[in-house]
Amino acid sequence: MVATQLRARGVRDEKVLAAMGEVPREQFVPVERRPMAYDDAPLPIGEGQTISQPYIVAFMIEALALKGGEKALEIGAGSGYAAAVLGRICGDVYAVERIERLAAAAAKTLRETGVENVHVRFADGSGGWPDHAPYDAILVSAGAPSISEALQRQLAVGGRMVVPVGDHPRAQELVRVTRASENEFVRERIADVRFVPLIGEAGWARDAPDIAQTAGGGRTLFLKSRL
Ligand code: SAH
C-alpha cells in the first residue's frame, strides 16, 4: 500500500509514509471487509459512513505539514483510522464523531491497537472542540458547506486545517487553511474530493434531501494539483 498507492503517487513526507505503514488498517474496518482493508478504495464502516481511501488519508495528513509532536483535532473520527495515523506523528489527537456507535467502536479499536494519545468524543464536531484549542492542525474528514469560523478560530497561529468544502453535500474541493496571524487566514485549493457530508450545527442539515437519498457514497478522489 505504501509503495504502490502512496509513494508512487507522490506522497513524499516520510513521517506520513511511516505512520501509514505502521497503523494496522485491517483493525479499523468491519471483520467482513478485512480482506479488502488495503485496497485502493474507501470502505463502508456502517451507519452509511466510510473509512477513506488510504491515499486520501495520506494526502490530507501530508497537507497538514506536520513536524511531529503537534496537538491535532479531527472532525469525523469514523473508524478512528485517520486519527490513529495522526497519532503516530502528533503529540495528542482530539477526534470527534457524531454517530455514537462509531465513536464507541473507534475508541475501542484505538485502545486495542495500543493507541493512547487519541481522545475520542461523541458529539457534533462541526464547531470544533473548544476545550483543547488552539490546535496546530485540524483535519476535517467530512464535507462541509463552508469553512466554519469557529474551527478557524481554534487554529493556533501558524497552524493548518485541511477541510473538504463544497455546495453539494457529496462533492467538495479540499481546502487548506493556514492561520498566518491572529486575523489572517490563507486558503489554498489542493484537490477535488468526495466525502460523506458533515452534518450538524455548522454543517449540513440531517434531513437535507441529498443526504437522505445517497447515504453510503464517497468513492473517487480526483486530484487537481499536487502540493
Ligand atoms: N476519518 C474517518 C473517516 C470518516 S467518514 C476514518 O478514518 O475512518 C466521516 C465521518 O464524519 C463519519 O463517521 C460521520 O459520522 C462523521 N461526521 C459527520 N458530521 C460530523 C460532525 N458534525 N461531527 C463529528 N463527526 C461528523
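The rules behind each value
Residues numbered from 1 in each chain as written. Predicted model: local features only at pLDDT ≥ 70, side-chain atom pairs only at ≥ 80, totals over all residues. Heavy atoms only, no water. Near = heavy atom within 4 Å. Polar contact = N/O pair within 3.5 Å; in protein donor to acceptor, adjacent residues only side chain to side chain. 1 Å grid on protein atoms, 1.4 Å probe; cavity = no way out; pocket = protein on both sides within 12 Å on 5 of 7 lines; lining within 4 Å. Sits in = over half its atoms within 2 Å of the grid points. Helix = DSSP H or I, 4+ residues; strand = E, 2+ residues; numbered from the N terminus. Core = buried A, V, L, I, M, F, W, Y, C linked by side-chain atoms within 4.5 Å. Buried < 20%, exposed > 50% of the residue type's maximum accessible area, 1.4 Å probe, protein only. Contact = heavy atoms within 4.5 Å.

Peer 1: Hey, could you go over the site of the ligand for me, with residue numbers and the actual values?
Peer 2: Residues in close proximity to the ligand total 26 residues, the closest being Glu74, Ser79, Glu97, Gly125 and Ile199. Backbone polar atom of Gly76 to a nitrogen atom of the ligand: 3.1 Å apart, as the coordinates give it. In a pocket analysis with a 2 Å cut-off to the grid points, the ligand is assigned to the largest cavity. Broken down by secondary-structure element, the contributors of at least two residues to the shell around the ligand are strand E2 (49–51), strand E3 (71–75), helix H4 (81–89) and strand E4 (92–97).

Peer 1: Lay out the nonpolar core in plain terms, naming residues and giving numbers.
Peer 2: Formed by 48 residues in total, the largest nonpolar core has its most connected members in Ile61, Leu86 and Leu174. Contributions of two or more residues to this core are made by helix H2 (14–22), strand E1 (43–46), helix H3 (54–63), H4, E4, helix H5 (100–112), strand E6 (135–140) and strand E9 (184–193). If one sorts the elements of this core by residue count, H3 sits on top with eight residues. If we skip the residues at most four places from it in the chain, Ile61 touches Val16, Leu66, Ala82, Val85, Leu86, Ile89 and Leu139. Counting 21 residues, the second-largest nonpolar core is a separate cluster that includes Leu73, Ile75, Ala144 and Val165.

The analysis is restricted to geometry; functional conclusions fall outside its scope.
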